[in-house]
Amino acid sequence: MNPDDPAIAFDPTPFVVMPGRPVRLDDLPTRGDDWVDGDPEVAKSAAQDANGTISARLGELQERLHATKAAKVLVVLQGMDTSGKDSTTRRVFGDGSPLGIRAVPFGRPTEVERAHDFLWRVHAAAPADGEIVVFNRSHYEDVLVVRIDELVPAERWERRFDHLVDFERMLVDEGTVVRKFFLHISRDEQHQRLQDRLDDPTKHWKFESGDLDARARWDNYQRAYEEAIARTSTDVAPWYVVPADQKWFRDLVVGSVVLEALEALDMRWPEPPEGLEHIVIPD
Ligand code: ADP
């Protein structure tokens, strides 16, 4: 984080999942109230200001990343339906240039994708030097929906936890910064958001009856997430469980983590080519 800029001095470390620690989602907050002092409305407005500053700074650093090719950056967003994966992408990364940032959604695999190993399509979408890639759902679906809907035998998905850790370690060894976020919403908040999709004509397109099937299996999903997060949070590719009932708090956590990671790259503008100062542009 940038300690010189109090507007973005939020510390997101309370939300990281320490490697090897069990995760109990019921015990983890879906709201940010415990982390803001005083009047909630004032805190919200201060956080919104900070979010504007963070996303502008992320935009600057993204340009520097694009120019220097100093790293590849992978951001993984997971969460129950309506947890805010799309809106986090828009709000946190919206100041970045489309030239260096990509959002990749992972839906049900195609026949060709299903005929390959589960990481095949994921690896192909991973960031190149200088790129930020945001995964909207990810390789984690292969131990979540695949597990719950019994799409492959248990002995196959059970081995995937190790494959996930190894895959991400390889990405990191090859120069990728990996940060993973579980957007943690409450059942009540999901109810409200699904209802909004039914009530608001501009949101009808987002409503899918399949979302209700996943809601009906809420507890199964929460348990599957707990195991996936606990078994795959590592020092090099950590998970954050983000309180996501309040969008402004969710954005503050995600934005702060990514900003911290980009600041740590300590990117300088590339050195000018030799003799640049002598070049005169002809009339
Ligand atoms: P979203 O719900 O994220 O807005 P979609 O409507 O395209 O996006 O839905 C994505 C669906 O694809 C989800 O139900 C998700 O569980 C499913 N999905 C993603 N990855 C896989 C996978 N590897 N195997 C099976 N289903 C998957």
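This text goes with the structure placed above it.
Turning to the site of the ligand, a few remarks are in order. Residues in contact with the ligand amount to 13 residues; listed here are only the nearest, Arg108, Arg137, Glu141, Asp142 and Glu208. Contact distances for the ligand include 3.3 Å between a nitrogen atom and a backbone N or O atom of Gly107. Here a nitrogen atom of the ligand sits 3.1 Å away from a polar atom, N or O, in the side chain of Asp142. Protein contact buries 74% of the 570 Å² of open area that the ligand shows by itself. Counted by class, the shell around the ligand contains 5 nonpolar, 1 polar and 7 charged residues.

The next point concerns the environment of His123. By secondary structure assignment, the location of His123 is in helix H4 (residues 120-125). For His123, a relative accessible area of 40% translates into the label partly exposed. Setting aside anything within four residues of it in sequence, one finds His123 in contact with Phe167, Met170 and Leu171.

Glancing now at the packing of aromatic side chains. In total, this model carries 10 aromatic pairs according to the counting rule given. Between Trp157 and Phe161, the aromatic rings sit 6.3 Å apart at their centres with planes inclined by 90°, giving edge-to-face as the arrangement. Here Trp157 pairs with Phe161, and both are found in helix H6 (residues 154-173), just 4 residues apart, close to one helical turn. The pair formed by Trp157 and Phe161 is uniform in burial state, with each residue classed as buried. For the pair Trp248 and Phe249, a centre-to-centre distance of 5.9 Å together with 90° between the ring planes defines the contact as edge-to-face. Ring pairs connect the aromatic residues Phe10, Phe15, Trp35, Trp248 and Phe249, which therefore count as one cluster. Directly above the ring of Phe118 sits Arg160, whose terminal nitrogen or CZ lies 4.4 Å from the centroid.

So, how was this worked out
- Residues numbered from 1 in each chain as written.
- Predicted model: local features only at pLDDT ≥ 70, side-chain atom pairs only at ≥ 80, totals over all residues.
- Heavy atoms only, no water.
- Near = heavy atom within 4 Å.
- Polar contact = N/O pair within 3.5 Å; in protein donor to acceptor, adjacent residues only side chain to side chain.
- Areas by Shrake-Rupley, 256 points an atom, 1.4 Å probe, with all protein chains shown as cover.
- Nonpolar A, V, L, I, M, F, W, Y, C, P; charged D, E, K, R; others polar.
- Helix = DSSP H or I, 4+ residues; strand = E, 2+ residues; numbered from the N terminus.
- Buried < 20%, exposed > 50% of the residue type's maximum accessible area, 1.4 Å probe, protein only.
- Contact = heavy atoms within 4.5 Å.
- Phe/Tyr/Trp six-rings, centres within 6.5 Å; stacked < 30°, edge-to-face > 60°.
- Lys NZ or Arg CZ within 6 Å of the ring centre and 35° of its normal.

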